[in-house]
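Notes for the structure review
The residues making up each chain are set out below.
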Amino acid sequence: MCRRSGIAAFHNTTDLDDSRLGCMCLDAVAGWRLDGAVVRIRYSRGADYSGSCYYADARLFVNLGQHLTYPYRMGTHLARTQSNGRRWWKPIYTIELMDAYQLVLMVFLHECYHLLVKRAGRNVRQKESMCDRFAARTLVGRHGAIIRDDQNRFVARSEWDIRDVEAFVASARRPIARSCAQ
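Quick caveat, the model's predicted, so the values are computed rather than measured. (Residues numbered from 1 in each chain as written. Predicted model: local features only at pLDDT ≥ 70, side-chain atom pairs only at ≥ 80, totals over all residues. Heavy atoms only, no water.)

Attention now goes to the pattern of salt bridges. Following the criterion strictly, the structure yields nine salt bridges and no others. With its nearest N and O atoms 3.2 Å apart, the salt bridge here joins Arg20 to Asp99. Here Asp99 lies in the loop between β8 (93–97) and α2 (100–119) and Arg20 lies in helix α1 (residues 18–28), a separation of 79 residues in the sequence. For the salt bridge of Arg137 with Asp161, the shortest nitrogen-to-oxygen distance reads 3.1 Å. You can see Arg137 sitting in helix α3 (residues 128–143) and its partner Asp161 sitting in the loop between α4 (157–160) and α5 (165–168), a full 24 residues away along the chain. A network of salt bridges, in which partner residues are shared, links Arg137, Arg157, Asp161 and Asp164. (Salt bridge = Lys/Arg side-chain N within 4 Å of Asp/Glu carboxyl O. Helix = DSSP H or I, 4+ residues; strand = E, 2+ residues; numbered from the N terminus.)

Following this line, the structure appears as structure tokens:
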């Protein structure tokens, strides 16, 4: 399994290939301070998917529904908040995930961002959109995932990738090792 992060343990009890899943997930968080985190990938008890992050002991859970078919359209909080002067709302954009590996990666990265926010010393409240953006950036950039609006239209990255989520948690980056020659 790829070991490019400080994650202490990566447990997968699904039928997904351990090596492929581990490499996808751990490569995506290389360079981030996730030291000591324990990741558990397992089947859900009925939900399509879910995830959770426990800050105190750095445990991340990803639950995957066995009943899903792919491609799967996951609702996200990527859209900009809108207002009509009386109320606020956030349209739902979907990300099209081609297989269970991509779905696990999306939920895993979302939960990792929660932990990075905590480790960066930031307020952990109301960060769902930022967590979705952090995860979607990887899925779109590395795996060609497509974002669509509620009318099934393609949404350009400039419409949803509206904040530098990596800069927000920059203090949770792993220091870059320097050689003696530099």
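Before going further, it helps to examine the side chain of Asp149. Relative to the elements of secondary structure, Asp149 occurs in the loop between β9 (146–148) and α4. At 2.8 Å, the side chain of Asp149 and the backbone nitrogen of Gln151 are in polar contact. A polar side-chain atom of Asp149 sits 2.8 Å from a polar atom in the side chain of Arg153. Not counting residues within four places of it along the chain, the set of residues in contact with Asp149 comprises Ile92, Tyr93 and Val155. (Polar contact = N/O pair within 3.5 Å; in protein donor to acceptor, adjacent residues only side chain to side chain. Contact = heavy atoms within 4.5 Å.)

Both the distance between ring centres and the angle between the ring planes are used here to describe each pair of aromatic rings. Counted under the stated rule, the structure contains six aromatic pairs. Ring centres of Trp32 and Phe134 lie 6.0 Å apart, and the angle between their planes is 80 degrees; on these two criteria the pair is classed as edge-to-face. Taken together, the residues span a long stretch of sequence, with Trp32 in the loop between α1 and β2 (38–43) and Phe134 in helix α3 at a distance of 102 residues. The same class applies to Trp32 as to Phe134, namely buried. A cation over a ring is seen here: Arg20 above Tyr101, with NZ or CZ 3.8 Å from the ring centre. Over the face of the ring belonging to Phe168 we find Arg122, whose NZ or CZ atom lies 4.1 Å from the ring centre. (Phe/Tyr/Trp six-rings, centres within 6.5 Å; stacked < 30°, edge-to-face > 60°. Buried < 20%, exposed > 50% of the residue type's maximum accessible area, 1.4 Å probe, protein only. Lys NZ or Arg CZ within 6 Å of the ring centre and 35° of its normal.)

Since its relative accessible area comes to 18%, Asp161 is described here as buried. Only 3.1 Å separates the side chain of Asp161 from the side chain of Arg137, close enough to count as a polar contact.

Spatial ordering of the open sheet is given by β1-β2-β4-β3, a layout of four strands whose pairing is mixed. Only two strands of the sheet have a single partner each, and these edge strands are β1 (9–12) and β3 (49–54). Looking at each pair of strands side by side, their axes are set apart by 10 degrees on average, direction ignored. Sheet topology note: the β1/β2 ladder contains four bridges and is parallel. Note on β2: the bridge partner recorded for Phe10 is Val39. Strands β1 and β2 of the sheet are contacted by α1, whose axis makes an angle of about 135 degrees with β1. Against the sheet, α2 contacts β1, β2, β3 and β4 (59–64), and its axis sits at roughly 150 degrees relative to β4. (Pairing = 2+ DSSP bridges. Axes fitted to C-alpha atoms, helices over the stretch in contact; angles between N-to-C directions.)

Two pairing modes exist for strands in a sheet, parallel and antiparallel, and in both the strands are linked by backbone hydrogen bonds. Read across the sheet, three strands follow the order β5-β8-β9 without closing on themselves; strand pairing throughout is antiparallel. Strands at the two margins of the open sheet, each flanked by one partner only, are β5 (72–76) and β9. When strand polarity is set aside, the average angle formed by the axes of neighbouring strands in this sheet is 30 degrees. Across three bridges, β8 lies against β9 in antiparallel orientation. Among the inter-strand pairings, Ile95 is bridged to a residue of β9, identified as Ile147.

This brings us to the nonpolar core. The biggest cluster of nonpolar side chains holds 57 residues, and the ones touching the most others in it are Leu34, Ile95, Phe108, Leu109 and Tyr113. Sorting the residues of this core by element identifies α1, β2, β4, β5, β8, α2, α3 and α5 as the ones contributing at least two each. With 14 residues, the single largest contributor to this core is α2. Tyr113 has contacts with Met130, Cys131, Phe134, Val165, Phe168 and Val169, leaving out every residue within four places of it along the chain. (Core = buried A, V, L, I, M, F, W, Y, C linked by side-chain atoms within 4.5 Å.)

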